[in-house]
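Spelled out, the chains give:
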Amino acid sequence: MTPPESLKLVERDARGVDPAFRADVLAGLSEPQKAVPARWFYDDAGSRLFEDITQLPEYYLTRAETEILTERADEFAALIGPGRAVVEFGSGSSLKTPLLLSACQPSAYVPLDIAGDFLRAAAADLAAKFPGLPVCPVEADFMRRVELPPQVESLPKLGFFPGSTIGNMVPATATDLLRSMRATLGEGALLLIGMDLVKDTGVLIAAYNDAAGVTARFNRNLLHRINRELEGDIPVDAFAHAARWNDVYARIEMHLLARRDVAFAVSGHGFAMREGETIHTENSHKFTRRTSNMLLAAGGWEPRARWTDSAGQFSLLLAEATPPRSAP
Ligand code: AVJ
């Protein structure tokens, strides 16, 4: 089985590194609260570690969303209808995608991802599972509008953004992303999107600080990636994994906590941190019915239906790209 050709839209410098990664890391490490955007977790090693996270007993999100996709398939398939091009934003969810594709009889599948090797492997896998379904992977950063392959131009679209990945973004960025998705998919498109729910803080912290330490490895992998791709010499062992609940913004935050004073260089730039200082590496916002509906509406998407799992831990929402309205 030959993997489908993918359209390459991600930049690479002479060393094969995305220049946006270097720019984000250097800018983020120069701020008073050091921070690196969470999307840079997902090199090939990081994507594999995330797959391991989804198997952890504490990490309920994937199981809860899979339950919804399995148990409520008839309901969302009826609302979606057959013949759409399913455009998945991020292609790592190799187990959820088949559930959606077998439920809604699509005419094409377009996975979008920045991790090229992972994307091609996932696309080949999917193409093998659904013979006859055109699979057109696109290597792209979907934070901006993406030019879809010509084969799907005339088809009605269904965006698929599972996993509560939208929760990684602060509201302003999440709104921009929803608007970009709308621009990518066009008016009349539907969006099926997962959003994790606010719940007991202990349950949330455990999901992001598992006993086996897989999430800690996932977090620290970012430092290994910086060292490898950006000529860094960060002493990775000097950093501890920390997961914290931010009650103002209703989000889990992941940090890399300096256990001692450290100094290091990245791409020839020097940085220093005091013991106890952190690099903020991820936000994972948790939603209520109202905040999820508000976020969708702010991004130009009208909420149409909403499902939760039997334990009420996670939500899946269907929204429609409605024409802009000028009413208040
Ligand atoms: C893939 C963004 C949904 O926020 O729960 C898992 C990533 N980070 N454990 C999440 C993640 C730490 C995950 N998302």
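Residues numbered from 1 in each chain as written. Predicted model: local features only at pLDDT ≥ 70, side-chain atom pairs only at ≥ 80, totals over all residues. Heavy atoms only, no water.

Before going further, it helps to spend a moment on the pattern of salt bridges. For side chains of opposite charge, pairing can occur when their charged atoms come near one another. Summed over all chains, the structure comprises 17 salt bridges. Note that Asp141 is salt-bridged to Arg144, the shortest N-O span being 2.9 Å. Look at Arg144 and you get exposed, because its relative accessible area is 54%. The partner of Arg251 in a salt bridge is Glu253, and the shortest N-O contact between them spans 3.0 Å. (Salt bridge = Lys/Arg side-chain N within 4 Å of Asp/Glu carboxyl O. Buried < 20%, exposed > 50% of the residue type's maximum accessible area, 1.4 Å probe, protein only.)

Right, let's get into the nonpolar core. Nonpolar side chains in soluble globular proteins generally cluster together in the buried interior. Formed by 67 residues in total, the largest nonpolar core has its most connected members in Phe76, Leu100, Leu192, Phe239, Phe264 and Val266. Here the element with the most residues in this core is helix α9 (residues 214–229); it accounts for five residues. Discounting chain neighbours no more than four positions away, the residues touching Phe264 are Leu29, Asp233, Ile234, Pro235, Phe239, His269, Gly270, Phe271 and Met273. If you look at the next biggest cluster of nonpolar residues, it comprises 32 residues, including Leu148, Leu177, Met181 and Leu317. (Core = buried A, V, L, I, M, F, W, Y, C linked by side-chain atoms within 4.5 Å. Helix = DSSP H or I, 4+ residues; strand = E, 2+ residues; numbered from the N terminus. Contact = heavy atoms within 4.5 Å.)

Let's shift gears to the packing of aromatic side chains. Between two aromatic rings, the relevant description is the distance of the centres plus the angle of the planes. For the coordinates displayed, the defined rule picks out 13 aromatic pairs. Plain terms: the ring middles of Phe41 and Tyr42 are 6.3 Å apart, the flat faces sit at 90° to each other, and that makes the pair edge-to-face. Between Tyr42 and Phe50 the ring centres are 6.1 Å apart and the planes differ by 80°, which places this aromatic pair in the edge-to-face class. Residue Tyr42 is classed as partly exposed on the basis of its relative accessible area, which comes to 25%. A relative accessible area of 24% places Phe50 in the partly exposed class. Of the aromatic side chains, those joined through ring pairs into one cluster are Phe41, Tyr42, Phe50, Tyr59, Tyr208 and Phe218. Lying across the ring of Phe21, Arg225 places its NZ or CZ 4.5 Å from the centre. (Phe/Tyr/Trp six-rings, centres within 6.5 Å; stacked < 30°, edge-to-face > 60°. Lys NZ or Arg CZ within 6 Å of the ring centre and 35° of its normal.)

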